[in-house]
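# Summary of structural features
One letter stands for each residue in the lines below.
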Amino acid sequence: MAEIKLELNQKGHGAFNLFESGTKIGEMVISISGSNLTVYHTEVDPELEGKGYAKQLLDAMAAYAREHDLKVIPLCPYVNVQFKRHPNDYTDIWNKEEVL
């Protein structure tokens, strides 16, 4: 079973890192500033794509945002598409006002 660890520096920049058997196989790069959590990029090792790992990262990020009362700015194309495809699943954490 994959393990996800959030690793942030003191400025609130970092990633949800995905590990399988102790090896890093994916990440979701984020930053936290004030009440916003911005997602920049999601990546899973190419040979492991299509196995639901990106969704696991998305679920972990969404749970963290809810737990810490944060709004998500989905700059990452994957997260943005998932928010748009399933708006009811993310309406409580989706910051639609922060658009570039």
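Our subject in this report is the structure included herewith. (Residues numbered from 1 in each chain as written. Predicted model: local features only at pLDDT ≥ 70, side-chain atom pairs only at ≥ 80, totals over all residues. Heavy atoms only, no water.)

Each helix and strand counted, the protein chain has 3 helices and 5 strands in total. When its helices and strands are written in sequence order, the protein chain yields β-β-β-β-α-β-α-α. At 13 Å, the protein chain has a C-alpha radius of gyration in line with the 13 Å of a compact globule built from 100 residues. Seen along its three principal axes, the alpha-carbon backbone of the protein chain occupies a region of about 40 × 35 × 25 Å. (Helix = DSSP H or I, 4+ residues; strand = E, 2+ residues; numbered from the N terminus. Rg over C-alpha atoms; globule rule 2.2 N^0.38 Å.)

The next point concerns the nonpolar core. The biggest cluster of nonpolar side chains holds 26 residues, and the ones touching the most others in it are M28, V39, M61, V79 and F83. Contributions of two or more residues to this core are made by β2 (13-20), β3 (23-33), β4 (36-44), α1 (53-67) and α2 (77-85). Broken down by element, the residue count for this core peaks at 7 residues, all from α1. Dropping the residues within four chain positions of it, F83 is found in contact with L58, M61, V72, P74, Y90, I93 and W94. (Core = buried A, V, L, I, M, F, W, Y, C linked by side-chain atoms within 4.5 Å. Buried < 20%, exposed > 50% of the residue type's maximum accessible area, 1.4 Å probe, protein only. Contact = heavy atoms within 4.5 Å.)

Examined against the element boundaries, T38 turns out to sit in strand β4. Setting aside chain neighbours within four positions, we find T38 in contact with V29, I30, S31, I73 and L75.

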